[in-house]
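Letter by letter, the chains look like this.
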Amino acid sequence: GRIAKSIDVVKGGPQKPVAGDGPYPCYSITEVIYFCRNHEGNGVREQKLVAKITGAVTIILMIASLQGCSSSKETSTDAKQQVGTSPVADMAHEASLQHFVDGSLYEMKGQYAQAVLEYQDALRYEKNHAIYFALSKNYSLLNKTALAVEAGKEAVRLAPDNLDYRRALADAYLAGFELDSAAAQYEALAQLDSNNIEAWFSLARVYQSRKPLKALEIYETITKRFGPEWEVLLQSADLYNTLGQFDKAAGALEQMSSIDPGNQELRRSLAQAYARAQKLDEALAIYRELREADPQNLVYAGELGSIYLMKKEYAQAAKEFEPIMSSDSVALDAKIRVGEFYFGQLEKDSTIAPMVKGIFERLQATHPEDWRPYWFLGATGAIMHDDSVALPNFKKVTELASWNADGWVYLSSVFLEKNNFQEVVTVLESALKVLPDEFRVNFFLGVAYNRLGRNPDAIRVLEHAHAINGKDINAISQLALVYDGMKRFQDSDSLYEEALKLEPDNVLILNNYGYSLADRGVQLERALAMAQKAVTAQPDNSSYLDTIGWIYFRLGKYRDAETYIKRAIEKGDGSAVVHEHLGDVYDKMNDKSRALEYWNMALKLDDNNPTLREKIARIAQ
């Protein structure tokens, strides 16, 4: 190797520096040792430097690497040529190098703060890329990331082709979470040295969490350029799984398996990837192979059984699962996992409901104090719309695990689905005593209160739900609707505006806000624009059709109003309000007979509406 020349006279006078290597000329280690042995006493400055060199050859080698000296051999003729430099420049050069050497000594002792001070002093005399690099490295060791980046950038600026400098700068950027800047350095490294697999891999890892498709592109480049690499394939498989590209994940795992065909866990991962990719026969083949190699492994048995379930080979699945279900030594968690396999298949094939029910009843009988079998039984009943199964089991969950909000929420949902709002209130008021800050409990209780006309109570719990999760659009919409119904328009408008900032194209908010404005006869053009967006998004939604029709009514455009409100009725909205709206349109169009027709229809649907009676009486006179 070669090291930086730190003296003026070796074998006869000042030497010519190697081109492109900065201010420090380079010598072979043999030449330096020759000088150390034979040129002592050539002056105070030489003696000090000789002492450092002969006392710590390893430090000199480190200094050489930091200075980036050339590896090319100088000719004897070059070694004897002189450099025309001024005495002042020589003195600055020597002072800089002295501090650089001292800094290197401190650095090797682990005294990084002292090393930094010496490198800073070295820079006062001479601006050199090697000094900036050393300074950056020591700042990193002191966890002073910003300063490490600053010094590292200067080293790269002065020596842009130095790979070590760029790699260290990239590491400093990573330490400061400046990922885009780190990526730029790794890209430069890969361009400078396209065979540097480490640079390519580091670049892919930087992109992996934020730009997974870009990372995959780089991993594919690495595989094409360098061939299959275990870690690259592993990362690729993980990314493909995350992106839902299960076929490609399986492909990466196949290549890994070819590298290490005896790796059982890898074979299992490949089988799982095949299952996710719906390549069930391929998955089945591997699991059978694993079972034959390790017949006592119940994990393999469970996963093999799940493949048979997915293939709807239920008898074979039950055969694989039975050793798990019947063993007293198998934990309940593993048995519940078997039940979960069946439960996951239930929505795809409702015919297995009795099997699911049987599994969890079996677990319920052997573990009566564990809430989980009851929960799955309740959920199975809810899916099958069998309240006789859903209600008692969800109720048992609330008794055994009152802390579990799912039990309360799912129990109330059975009643909510049937519009039995009083029972919803009964369940969730009990839940609120145990879980006062659970969002879903407060939200659904607010919905039930509103449907029962208990709006002050609805506001109380809905405001709390909004405080718990301020960005939930459903809570904002429901609370705004209650405020609007109580004519607290300032509060409702404020919430609608808040919701539109979160989701400007939310059709429910656009419809409800537009209707509220129209009903008050304010901001009608804006209300129309909102309703048009909602109807464009959902042209068959009868509520949205009624809203835009009502806005046209408020604008005095009665033909347009008639068109949309009639479509709302045709699409299935037979509510009293919509029929009353169409009657109002015909009244404005002076079509009294049709106005009476639709008002009377509305009255049949809402016979306690005094406003309707007044309208009918006015025309009948």
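Before any of the text, the structure's been laid out above.
Below, the structure is looked at part by part. Every value quoted in this text rests on a predicted model; they were computed, and no experiment measured them. (Residues numbered from 1 in each chain as written. Predicted model: local features only at pLDDT ≥ 70, side-chain atom pairs only at ≥ 80, totals over all residues. Heavy atoms only, no water.)

Right, let's talk about the overall build of the protein chain for a bit. Looking only at helices and strands, one finds 35 helices and two strands in the protein chain. Of all 621 residues assigned to the protein chain, the portion counted as buried reaches 47%. Surface accessibility of the protein chain: about 30,400 Å² in total, with carbon and sulfur atoms responsible for 51%. (Helix = DSSP H or I, 4+ residues; strand = E, 2+ residues; numbered from the N terminus. Buried < 20%, exposed > 50% of the residue type's maximum accessible area, 1.4 Å probe, protein only. Areas by Shrake-Rupley, 256 points an atom, 1.4 Å probe, with all protein chains shown as cover.)

There is about 790 Å³ of room inside the largest pocket. Along its surface, the largest pocket is lined by 23 residues, and Leu481, Asp484, Gly485, Tyr515 and Val577 are the ones closest to its centre. Taken together, the elements giving at least two residues each to the lining of the largest pocket come down to α25 (439-451), α27 (473-485), α28 (489-502), α29 (507-520), α31 (542-554) and α33 (576-588). With six residues, the top contributor of residues to the lining of the largest pocket is α29. For the lining of the largest pocket, a count of residues per class yields seven nonpolar, nine polar and seven charged. Within this model, the second largest pocket holds a volume of roughly 370 Å³. Around the second largest pocket sit 17 residues that line it, and Gly302, Glu303, Ser306, Arg337 and Phe341 are the ones nearest its centre. Counting residues per element, the ones that place at least two in the lining of the second largest pocket are α17 (298-310) and α19 (332-346). Residues that form the lining of the second largest pocket fall into these classes: nine nonpolar, four polar and four charged. (1 Å grid on protein atoms, 1.4 Å probe; cavity = no way out; pocket = protein on both sides within 12 Å on 5 of 7 lines; lining within 4 Å. Points joined across faces, edges and corners; volume = space filled by probe spheres on them. Nonpolar A, V, L, I, M, F, W, Y, C, P; charged D, E, K, R; others polar.)

Throughout the structure, instances matching the rule amount to 19 aromatic pairs. Between tyrosine 496 and tyrosine 513, the ring centres sit 4.9 Å apart and the planes meet at 20°, which makes this aromatic pair stacked. Taken together, the residues span a long stretch of sequence, with tyrosine 496 in helix α28 and tyrosine 513 in helix α29 at a distance of 17 residues. The pair tyrosine 496 / tyrosine 513 is uniform in exposure class, with both members buried. Here the aromatic cluster, defined as three or more aromatic residues joined through ring pairs, consists of Phe343, Phe360, Trp375, Phe376, Phe394 and Tyr410. (Phe/Tyr/Trp six-rings, centres within 6.5 Å; stacked < 30°, edge-to-face > 60°.)

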